[in-house]
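Close look at the chain arrangement
The chain contents come next:
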Amino acid sequence: MLTTCYPRPTLLCLPSNHSPNSSFPHRVNDLSMQPKSTGISRRLVIGQYKQYHNTSIDLPLNRTQPFGLILPGPINSSSVIDQSVIIRPTSYEILESGMILMKNHINLNEQVEIVNICHKLGVGAGGFYRPTYGSGSKLRLHMMSFGRNWHPETKYTQLYRSDGSKPPPVPGVLVSLVQTLIQDARARVKSPYEIPSMCPDICLVNFYSVVGGLGLHQDNDESYEGLTKGLPVVSISIGDSCEFLYGHTRDKFKARKVLLESGDVLLFGGKSRLIYHGVNKIIPDSTPLSLLQKTMLKPGRLNLTFRQF
Ligand SMILES: O=C(O)CCC(=O)C(=O)O
Ligand SMILES: [Fe+2]
């Protein structure tokens, strides 16, 4: 049964065939024509980036210093000389019952809009910060939450720890996008019941620098009801690729490995809702050049995981 969420605006840049009710055919994805990334072009873009802002792009920022995903300033893309293209087709792979990977499923314009939304909300009050345990050790990522705040020690709370501000709701355009992604996934698995529908009211947004990562864990802090129904986690990856691990135990050496690239969507629900998963490593310099040119996204990987509490 389809869960109805309101509001349901769509991303402004969605292609015309991107209707919440159409799961087939494949959505148009203009990343298939993205300029090929080479060291030279990337160095030019990043060189410009540093030149404009006269700052290190790898500064270890913390919450006392606002953390954004992009830096302001014009990009002179005419100096990027490599115009060759690579074809990255869309495809999908069932990894486990209830767990599906849809490759290259989010198009470039959607990725750009998601980066801009996360940058805008992340740089302000209650935005990106680096969660710290009582012991003083820190997660190897910057994080912010929509809907409810999540922290490794307090789990879900209504308020942010750092400044007491209320987390913004999941942006309506993303609610709508996620519902479409769930329909797309359900249309590709053997039985749609493998992946129940859900209405995302929480989103954890992680940004990993090139030295970031996340140990194997289960996402099990959502409501007992949602977990027992197997309501899926919907994960969108943007920017640098990562080696993503998943398995039935916390043992890293028994885990399977899959590459998550910019535009990939991973869903795990139903029987896989409590699968162990983690980010083993970020692959440096793997952000598609076209995305870099359009956003000046910092080196690293943006990941959004949508859930229903
Ligand atoms: O970055 C990812 O792909 C996974 C993030 C994750 O597992 C989480 O936020 O719980
Ligand atoms: Fe997780």
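Notes on the structure follow.

Reading the values: rules and limits
- Residues numbered from 1 in each chain as written.
- Chains lettered and ligands numbered in written order.
- Predicted model: local features only at pLDDT ≥ 70, side-chain atom pairs only at ≥ 80, totals over all residues.
- Heavy atoms only, no water.
- Pairing = 2+ DSSP bridges.
- Helix = DSSP H or I, 4+ residues; strand = E, 2+ residues; numbered from the N terminus.
- Axes fitted to C-alpha atoms, helices over the stretch in contact; angles between N-to-C directions.
- Donors = N, O, S within 2.8 Å, 3.2 Å for Na, K, Ca; no water.
- Contact = heavy atoms within 4.5 Å.
- Core = buried A, V, L, I, M, F, W, Y, C linked by side-chain atoms within 4.5 Å.
- Buried < 20%, exposed > 50% of the residue type's maximum accessible area, 1.4 Å probe, protein only.

Before going further, it helps to spend a moment on the sheet that holds strand β12 (residues 276-282). Strand order in the open sheet formed by four strands is β7-β12-β9-β10, and the pairing between neighbours is antiparallel. Looking at the sheet topology across the chains shown, the edges are occupied by β7 (214-217) and β10 (256-260). Direction aside, neighbouring strands of the sheet carry axes that sit 25 degrees apart on average. Note that β7 and β12 share two bridges and pair antiparallel. From the neighbouring strand, L214 faces β12, where its bridge partner is V279.

Those protein atoms acting as donors to the iron ion (ligand 2) are H217 (NE2), D219 (OD) and H277 (NE2), and they sit at 2.1 Å. Here the donor residues for the iron ion (ligand 2) map to a single chain with the spacing H-x1-D-x57-H. With H217 in strand β7 and H277 in strand β12, this pair connects stretches of sequence that are 60 residues apart.

Attention shifts here to the sheet that holds strand β13 (residues 301-307). Backbone hydrogen bonds are what pair the strands of a sheet, in a parallel or an antiparallel way. Read from one edge of the open sheet, seven strands run β1-β2-β11-β8-β13-β6-β3, paired in antiparallel fashion. Only two strands of the sheet have a single neighbouring strand rather than two, namely β1 (91-96) and β3 (142-146). The mean angle between the axes of side-by-side strands here comes to 15 degrees, regardless of whether they run parallel or antiparallel. Taken together, the seven bridges between strand β6 (residues 202-208) and β13 define a ladder with antiparallel strand orientation. Bridged to L204 within β13 is T305. Contacts from helix α3 (residues 172-186) reach β2 (99-103), β8 (233-239), β11 (265-268) and β13, with the element oriented near 110 degrees to β8.

All right, on to the nonpolar core then. The biggest cluster of nonpolar side chains holds 41 residues, and the ones touching the most others in it are L302 and F306. Listed by contribution, the elements that provide at least two residues to this core are β2, α2 (108-123), β3, α3, β6, β8, β11 and β13. Considering every element that reaches this core, the biggest residue donor is α3, with eight residues. Setting aside its immediate chain neighbours within four residues, L302 contacts L69, V115, C118, F128, V205, N206, F207, I236, S237 and I238. Listed in part, the 22 residues of the second largest apolar core include L101, M143, Y208 and L260.

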